[in-house]
Structure formats: C-alpha cells, structure tokens
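What follows is the residue order along each chain.
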Amino acid sequence: MAADDLIVLRPEGLYCPAGDLFIDPWRPVERAVITHAHADHARRGHARYLATRAGENVLRARLGDITLETLDYGERLRIGEATVSLHPAGHVLGSAQVRIEHRGQVWVASGDYKIAPDATCAAFEPVRAHVFVTESTFGLPVYRWPAPEAVFAEINAWWRTNAEAGRASVIACYAFGKAQRILAGVDASIGPIVVHGAVATLDRAYAASGVALPATHLATEIERGALGHALVIAPPAATSATWIRRFTTRAGPPEIAFASGWMRLRGARRRGGYDRGFVLSDHADWPGLLSAIEATGAERVIVTHGYEAPLRRYLEERGLQSGRFETQFGGSEEEAAEGEALDHSAEVSP
Amino acid sequence: MKAFAALYARLDATTSTEAKRAALVDYFQSAPPADAAWAAWFLAGGRLGALVRTRELRELGQQAAGLPEWLFEECYQAVGDLAETIALVWPSVSERADTDEGLAHWVEAELLPLAKVDHDGRAARLRRLFDRLDEAGRFLLVKLIGGGFRVGVSRLMVERALAEVAGLDPKRIAERMMGYTDRARRPTAEAFAALIASAPASASASSALEHPGEASGQPYPFFLAHPLTGDSSRLAEVLGPREHWQIEWKFDGIRAQLVRRGDGVWLWSRGEELVTERFPEVAQAARTLPPGTVLDGELLVGGVERPAPFAVLQTRITRKRLTARLLSETPVVFVAYDLLESDGVDRREESLSCRRARLEALLAHAPAGLEISSVLAPEANWPTLAALRNESRARGVEGFMLKALDSRYGAGRTKAAGLWWKWKVDPMSVDAVLVYAQAGHGRRASLYTDYTFAVWSRPPANDAEVANTIAAIERGEVPAPEALTLVPFAKAYSGLTDEEFREVDALIRKHTLTRFGPVRAVRPCLVFEIGFEGIAASARHKSGIAVRFPRMLRIRRDKPIGEADTLDALTALLQPMD
Ligand SMILES: [Zn+2]
Ligand SMILES: [Zn+2]
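Quick caveat: nothing in here was measured; it's all calculated off a predicted structure. Within each chain, residues carry numbers counting from 1 in the order of the written sequence. For naming, the first written chain is A and the first written ligand is 1, with later ones following in the order written. pLDDT decides what is reported in this predicted model: residues at 70 or higher carry local features, side-chain atom pairs at 80 or more are listed and counted, and totals for whole chains, interfaces and linings draw on all residues regardless. Hydrogens and waters are ignored; side-chain quantities use all the structure's heavy atoms.

Caption draft 1: Spotlight on the overall build of chain B. Along its length, chain B carries 23 helices and 19 strands. When the 578 residues of chain B are sorted by exposure, 51% land in the buried category. A fraction of 72% describes how many contacts in chain B between residues 6 or more apart in sequence connect residues 24 or more apart. In the form shown here, chain B has an accessible surface area of approximately 26400 Å², with 52% of it arising from carbon and sulfur atoms. Secondary structure elements follow DSSP: runs of H or I of four or more residues count as helices, runs of E of two or more count as strands, with numbering from the N terminus. Classification of residues uses two cut-offs on accessible area relative to the type maximum, computed with a 1.4 Å probe and protein chains only: under 20% is buried, over 50% is exposed, and between them is partly exposed. Whether two residues touch is decided by their heavy atoms; if any such pair falls within 4.5 Å, the residues are in contact. Only the protein chains shown count as cover for residues, with accessible areas throughout obtained via the Shrake-Rupley method and a probe of 1.4 Å.

Caption draft 2: Focus on the interface of chain B and chain A. Taken residue by residue, the interface counts 32 residues in chain B and 24 residues in chain A. A quick way to say it: buried area is the sum, across both parts, of accessible area lost when two parts are put together, with a 1.4 Å probe. Buried area between chain B and chain A, both sides added, is near 2200 Å², and the carbon and sulfur share of it is 50%. Considering only the side of chain B, the residues that lose the most area to chain A are Asp12(B), Trp70(B) and Leu88(B), jointly responsible for 25% of the buried surface there. The rule for a salt bridge is simple: a side-chain nitrogen of Lys or Arg has to be within 4 Å of a carboxyl oxygen of Asp or Glu. Where chain B meets chain A, there are two salt bridges.

Caption draft 3: Seen up close, the packing of helix 2 (residues 17-30) of chain B against helix 10 (residues 155-166) of chain B. Residue and element names in this part refer to chain B. In contact at an axis separation of 9 Å, helix 2 and helix 10 are set at 50° when each is read in the N-to-C sense. By the angle class used here, helix 2 and helix 10 are oblique. Like other packed secondary-structure pairs, helix 2 and helix 10 cross with a definite hand, here right-handed. Contacts between helix 2 and helix 10 involve Thr17, Lys20, Arg21, Leu24, Val25, Phe28 and Gln29 on the former and, on the latter, Met157, Val158, Ala161, Leu162, Glu164 and Val165. All amino acids are sorted into three groups, where Ala, Val, Leu, Ile, Met, Phe, Trp, Tyr, Cys and Pro are nonpolar, Asp, Glu, Lys and Arg are charged, and the leftover types, Gly among them, are polar. Tallied by class, the residues present in the contact of helix 2 with helix 10 amount to eight nonpolar, two polar and three charged. Axes here mean lines fitted to C-alpha atoms, for a helix over just the part in contact, with angles spanning 0 to 180 degrees between N-to-C directions. For this classification, under 35 degrees means roughly parallel, over 145 means roughly antiparallel, 65 to 115 means roughly perpendicular, and everything else is oblique. With the far helix as reference, a near helix turned anticlockwise by less than a right angle produces a left-handed crossing, and one turned clockwise produces a right-handed crossing.

Caption draft 4: The arrangement of the coordination of the zinc ion (ligand 1) in detail. Residues and elements named next belong to chain A. Only N, O and S atoms count as donors, using a 2.8 Å limit from the metal and a wider 3.2 Å limit for Na, K and Ca, and since water is excluded some coordination spheres may look unfilled. Every protein donor of the zinc ion (ligand 1) is accounted for by His36 (NE2), His38 (ND1), His91 (NE2) and Asp112 (OD), and the metal-donor separations fall at 2.2 Å. Labels for metal geometry use angle windows, namely 85 to 135 degrees for all angles of a four-donor tetrahedral site, and for square planar (four donors) or octahedral (six donors) sites opposite donors over 155 degrees apart plus all others within 65 to 115; sites meeting none of these are irregular. Because the angles between the four donor atoms bound to the zinc ion (ligand 1) fall within 88 to 172°, the donor set is best described as irregular. Look at where the donors of the zinc ion (ligand 1) fall in the sequence and you get H-x1-H-x52-H-x20-D. Between the two metal centres, the zinc ion (ligand 1) and the zinc ion (ligand 2), the spacing is 4.1 Å, with Asp112 acting as a shared donor.

Caption draft 5: Just the sheet that holds strand 15 (residues 231-234) of chain A, in detail. Residue and element names in this part refer to chain A. Note: two strands are recorded as paired if DSSP finds a minimum of 2 bridges between them. A sheet is described by the order of its strands in space; here six strands give the open sequence 14-13-15-12-16-17, paired in parallel fashion. Sheet topology places strand 14 (217-218) and strand 17 (276-278) at the edges, where each strand pairs with a single neighbour. Looking at chain direction, strand 12 (residues 169-172) and strand 15 are connected through four bridges and run parallel. Paired with Ile171 across the two strands is Ile233, which belongs to strand 15. Seen against the sheet, helix 3 (residues 178-185) touches strand 12, strand 13 (193-195), strand 15 and strand 16 (255-259) and runs at an angle of roughly 160° to strand 15. Strands in contact with helix 4 (residues 197-208) are strand 13, strand 14 and strand 15; relative to strand 13, the strand with the most contacts, it is inclined by about 100°.

Caption draft 6: Structural detail: the side chain of Arg520(B). All names here are of chain B. Counting through the fold element by element, Arg520 comes out in strand 15 (residues 519-522). A relative accessible area of 2% places Arg520 in the buried class. Throughout this description, a polar contact denotes any pair of N or O atoms lying within 3.5 Å of each other; where both atoms belong to protein, one of them has to be capable of donating a hydrogen while the other can accept it, and for residues adjacent in sequence the pair is counted only when both atoms sit in side chains. Of note is the side chain of Arg520, whose polar atom sits 2.8 Å from the side chain of Tyr448. Here the side chain of Arg520 touches Thr512 through a polar contact of 2.9 Å, side chain to side chain.

Caption draft 7: Spotlight on the pairing of strand 18 (residues 300-306) of chain A. Residues and elements named next belong to chain A. Of all the seven residues making up strand 18, six are buried; the element is thus mostly covered by neighbouring parts of the structure. Summarising the sheet, strand 18 and strand 19 (residues 321-324) pair through four bridges and their orientation is parallel. Within the sheet, the bridge partner assigned to Val301 lies in strand 19 and is Ser322. Handedness of the strand 18-helix 8 (residues 308-317)-strand 19 crossover: right-handed. With its strands directed away from the observer, a crossover is right-handed exactly when the path from the first strand over the helix to the second travels clockwise.

Caption draft 8: Layout of the side chain of Ser260(A). All names here are of chain A. Looking at the element boundaries, Ser260 is found in the loop between strand 16 and helix 6 (266-272). By relative accessible area, Ser260 is classed as buried at 0%. Here Trp262 takes part through its backbone nitrogen, which lies 3.0 Å from a polar atom of the side chain of Ser260.

Keep in mind these values describe shape, not function.
Here it is as structure tokens:
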C-alpha cells in the first residue's frame, strides 16, 4: 500500500488522512461520512456526521439526534486538505458514493450500490476515479438480476392469485430500502397494503423526503374481512414470530415470500422455508459490478465486503490492480448470508 | 418442455404435499398424453441414466458463459448444484426462438440421440439445446441428461395424482404402474392412456392365460408389514391367541415378486424394478413353475438354512457384470412365503392359510434356487417366541414376521385386509458425535435434519485430549497420524421429533465451523444414540464399516463428548461374514 493512499484501513474503519475523516466507521470517531443509513454503515456515537441531503430524514429516523451536516449530490466540500463530494449510489434513499480528491488523485468509495432502476432513490451515477473502492456482496457470475419490472409483475401475479384464494400475501424483506422499493413497485389496486411498524417508521421518513408511496395500514388498523386480499410487508424476523399469525384467514395461513438477491439460488430459497422467493436486490449483480468498475476508469480497485477473492482475481486477470479492505460491513440487511439474514433482523418490534 | 419445466419449478418451490399434488393434477390434466407419459415416468423414478458425463456438462457451461475454470468452480461451490450453476451462468439469448416442443419430443428426438453422437458433435448439439431454453428449462435439462433428476415427489404422490385425474382408486393406478419406470420400457402416449383408462387394465391374469404368447409380467402391489414394538410380555394381549398367526423368521434380503406367466419369468424388486437378469439362477428355477403363478418372497444369498448377511447380497446388486465366479460365490435363492396367483387365478382374496396350503403343494419338489420359508411350529407359544427372537442375530435373521392366518393379501400398508407384523430384534446402538449437517428435504427443507455422526478413533486419554482435538478441528488442522480423531461412520435423518429437530437445528447454526456447499461442519458438541439394524465391514467407507438403516434413537445431552463410543466398540459388533 502506497504512502499517499487517499483511503486506508484503520481499526475504526476506512480513513482518509488528507481530510482526517472516516467513511462509515464502525467505532466512534470525530468525523464520519456516511454513505447510507443501513445499520452496518451508519452507526451511533460519532461526534459529527456528513451525509446527503436526500438521506437526512432516513438517517435521523435510524440514528435519532445526531450532529449532521448535509450535502447535495455533487456538491463539493473542502475538509482538511481533501475535497469531498457525494454521488448517487442507487442503493436506497440518500445513498452515496464518496468521492475524495487530493493533489490530483481521485478516490471513490462506493458504499453499497446498484445499477438497476429504483423509483425510491436517485439512480447510480458513475464517477471517474483513479482508485475505486467497491462492495462485492453479489460478486459471482451466478448473480444476475432479472429486470425489476419482471419481478414486480411476478409479485403482482402472486398477490392476485392469493387474493383470489382469500389468503393474505406476506413479503418478508428489509424494513429500510427494499420495503419502500416494493411499495413503490407493486400494483396497489389489487388490494389493501399492510406494513409492519418497523416499515411504517421509515415510510414516514420517505414521505417527508418527497418519495411517493401508496397508502398503507398498520396491522391493527385493518378490518379482518380485508385481510384475505391484503399484501403485508414485514421484516424477516416478524414473519417467523407470532405477529404473522393474525393474517391467517378462513382460507388458511398467509403465503409468505422473501424478496432478496439471495433468492436467486434455489438452496437459499429452500433453506429459508418461504413459500416463494422473489429475486430483488438493492446491490449490484455481477454484470453490474463489472460495468460500474469499468465506468470509473480506475486502474486500481479495492474490494470490500462480499465475494472479495473471486472478484479481485477476476479483475487482476483483466490487468487491473486490486486490493482488499477487510471491513465490518455486511453484518445486517441484505448482505448477511441468507441463513443468518433469516435468523436475526435489525428491527422486530411490531 | 416449458410446461414440464414449470411443473418442476412448482414442485420444487413448495414443501406442501397438498400443493405438490395440485401441481401434478394440473399438469396431468392439461399435458398431451405423450408428454404426460414421460413426465409420469420421470416423476415416478424413471431415469435415462447419465447421457452426458458431468465433466462434459461442466466444460460446456463454463465455456458458454466465458468464465475461467476457477470462477466456474467458485460458482459451483456457492450454488452446490451443477445443473443450477449451468442454468444460472448460461448467457441469456436475446432472441430465443419462441418454439416449445413437448417433453416427449425433447426426450426422444433431442436427448436420447445424444448418447450416439461423438464428443464434439454432442457439445455443439447441447449448446443449441441450452440456447433454446430459459433458466428453468436449462436447469431441468441438466437434471434430465446428467442423471440427477430429483424433485421431492414420491411415487405414491404421482399415483394419487393420476388416480385423481383418472377418477380411479389409487391402488388400481399403483397396480398399473408396476414396472412403468423400468429402464427397458419407454413410456408412450398409449402406455399413459392405459394408466389412466377407466376400463380395467387389459393385461389381467386371466387374459394372460388365454394368450400365453403375449403374457404380461405385471406384478401385484406388495403387501407391507407394520412394525411391532413394545413390551413382549404383552403379546397375547395385543395379538390374541397364538394359533391365529403364521410365524416365520424375517430374512434380511431383498423382497421380491416372482411372476411366471406364458413363456416368461419376471422378477420384481420391492422398488418395482425388474431385476430378472440380475438373478439368472432364480429365473432359471422359476421356469419349472407352471405358467400363471405369482409368488411373493425374499431374495437371499445362501438360502433359508445359511442366510448370508445383507452386505453379501449387496455385492450382487451393485456389481455391473455378473461373472461366473460371482455367481458361484453368491448363489441366490428365492425364498417364497406367499402365493398370489396360481393357475392364472388371482388368489389375493383367499385367506393366508389357503394360500399357504397352495404354496406348500406347489413347492413340494422345488428345484434349486427356489425354497419355501419355514413356518415356526404352532407349539412355540408367545413367551417361547419372545425368547427365540433373541437368537435372531446368531441365526442371521432380523426377527419374526407375524401374519394373521385369516388375512387377505392387501396392497401397500393397508390394514383392511388383515395384519402383517414385522417383529424385529432391538437394533444395535452406539453413542456418536454430530459432526456434519445438511438441510432436509420437502417439509424439512428449512431445517438442518440430515446429520453425519462420528465415533472416536480410540478412547481419549483424558478431557484435555478431547479439548485439544476439538480445538484442532475448529482450526481446521489436519490431524497427526497417531492423533485422536473423530471418524464419521453413519448418516441419519430420522428418529427425532419436530421439536428436537428445531432445537438441534438452532444448535447447528450456532456451532457451524465451516460450510461447503449445503453442508455445515459442526463443532463437536452433541452426542446422539444411533441405532442401526446391521453392520458389515466395508472397504469403501473410511471407518471400515457400513451400518444399515441408521437412525437417531435419542439425544444424549447427559453424555460428555469424550464419552462417545470408539471405533473399536463399533467393530466389536461385526458379525462373522459367513
Ligand atoms: Zn446497504
Ligand atoms: Zn454494505
């Protein structure tokens, strides 16, 4: 590792010496630049936070009262000797890639990102860089996502079929990001939509940020007669708890589906024990990772959380220089391996 | 092919028996008969055999996807299934011709001919086939030609679905389906029509007598016994008077049905596979029987007097070629214990005592290769029998068969025809350590329920040695030659309650050391009592032994890991091989 690297790994997290700042640190620091509000990237306890204006509401909904400075996408801020700007990562509302410029060198840290369209957040924007720090959650060629329209069509068809049979349709997914993307993507004319409390909290933050979502109900607000054609959005842990039993109708227990990139693999679908798996991810698939890396024009790529080894080897074989940061990202949300993702989820309280 | 791929996906996506049955019925109701014929054939267990070798498929997938070999391998490791890996990495063809030939066309015109083409021709052909299919289709294709078709549907389920489609009794379908999946037969639209036809099957026993040249080898469904367990002092109470029962030793062989009709002889295994050619000595002996005879019995090496352990018979089944030496070293006898048809007349509605009398008369002068099972003398009362049962192991048998003398010969596990009991000796057991786990199938697919168990290579010297060994396993170290190790010897997936499975599942997730594919290596922390019904030396197993029907008897939470049994304790249970 060269002495003039703009980003290095410290015990606290990814550190930029020129700006004396950390990106998504996992230990308390003085100055933290937050790529997005998922729990493994945005933690409590830092003295000062910097994030996107688009992500302000969701970040506050997750972290409460913090000292937060915001930037518009593309807006530049001088911190120490570094010039910092945030660029859309297409991952969830407010998610950003962090661009750092210092003495003509440009490094971009991706945070989490996806290339596929998402109605609830700004689309991924490639940023030219000398060095690109990329995630690799789905860094294997078996991960290729179907078009989101096709997945939403599948979800609508499934919901309609269940509704016709008088059974509730439950989708287990992450409360922040995936839940809102599904809400924005489904055909709300099929039936009423019920959300778990954890989802409702974030929906309010999305609404405050100007993201249009269909009307939803809490489980306690919906009349029993309407349950049979309802769509229920809840975090995975809630679907294995007693909370889910209230959606049993005369026609039977609810159909439960899981929406995640992991559902691409049959083994994960089976091990999860869900009735149905929808392949819908907020991370880049293999072709997405490769195209994003290429679009940066970077000759050096540093790989973090996910399938680091295969992605690195593949890039090296294509003449790129590669490195690895052993981060502590990936402990929650979609990045957790499928089994674990089902075992524990961040928010479960109803 | 799309319809069958969709059916496969539907069956694969659910763990509910009801949903699977509904999917099968939907399919059989709408598919063209020629396709349905093949679908029923595959689902009921028919296999094409491996038409294309795994290595070829792997190379093809890798090349088509344009991946380096190591990366394809990484994918395979992550997915754990070759067919799925190929299906997932295969490049999407933007302009897929929207044609959809049926399953029958695929199998007959595209797949079966693959075996006749050379390597290069085959690769080119396969590429075109894959390009014509979507992901679900590609997955199915590899399963069909690679010999790995499995979808969590039992033959019984297929029979029930067909019965529903045909509006017939499932037993009727079961009878017609006997031999349906035999490798030598190819399912046709006519065969499928005959399966679900509302008129009685044409190949009845009597028509076979009338037209001996075209006799059918159709066997009858096997009548199955129920296990008898519990306190042997209560036999009289449970079973009633001793004189109502026919009692025979229970042999540890292969249950089979011998059909002699017209000019032919057919030998069917209980798995409904035609095994006539595997047992030429039995087939030859059976030719001396009068046409229109069907016997139920057991294939056994050595016969009634000196039955050899099952492992010996197994060498006969697994060997591809029957050499003269193998035939002379493992002479197989068909031990008849029931008569289902004589003079071309179905005798299953007669009482067992009637059928037995006919059987004894028929086999009064049986040729070598055919024997009659001996019935225990009626003087042996319940207490005597209970004592005698303990000699089973020394006699090379599994216990007793108890058959009600007034019972008819039913189909399957029905109790309506009268009862048959199998009264086995208590299984052997050892205390073993859980070392690997894999997710179950069907209803239990979300739980880790398939376990591998190990015993100590030798008695541990002390607790410290046990702790060191476990620590070395956790670090993934290769043990030194003399080091204490855990030797895997058996896999088991039954015997626990759902509750217990959930508990053990949670433990496995907590104590996972590494994963490879679907398998988790588990930190040694739990001892189970493992029961099994037979044990034999085996060069193919690392432990040097192979056990039969292992199952979990109970979780031994009271046992520290160090007190699990040793390999010596297992080998001590080995019986002399003769
Ligand atoms: Zn994230
Ligand atoms: Zn992440």
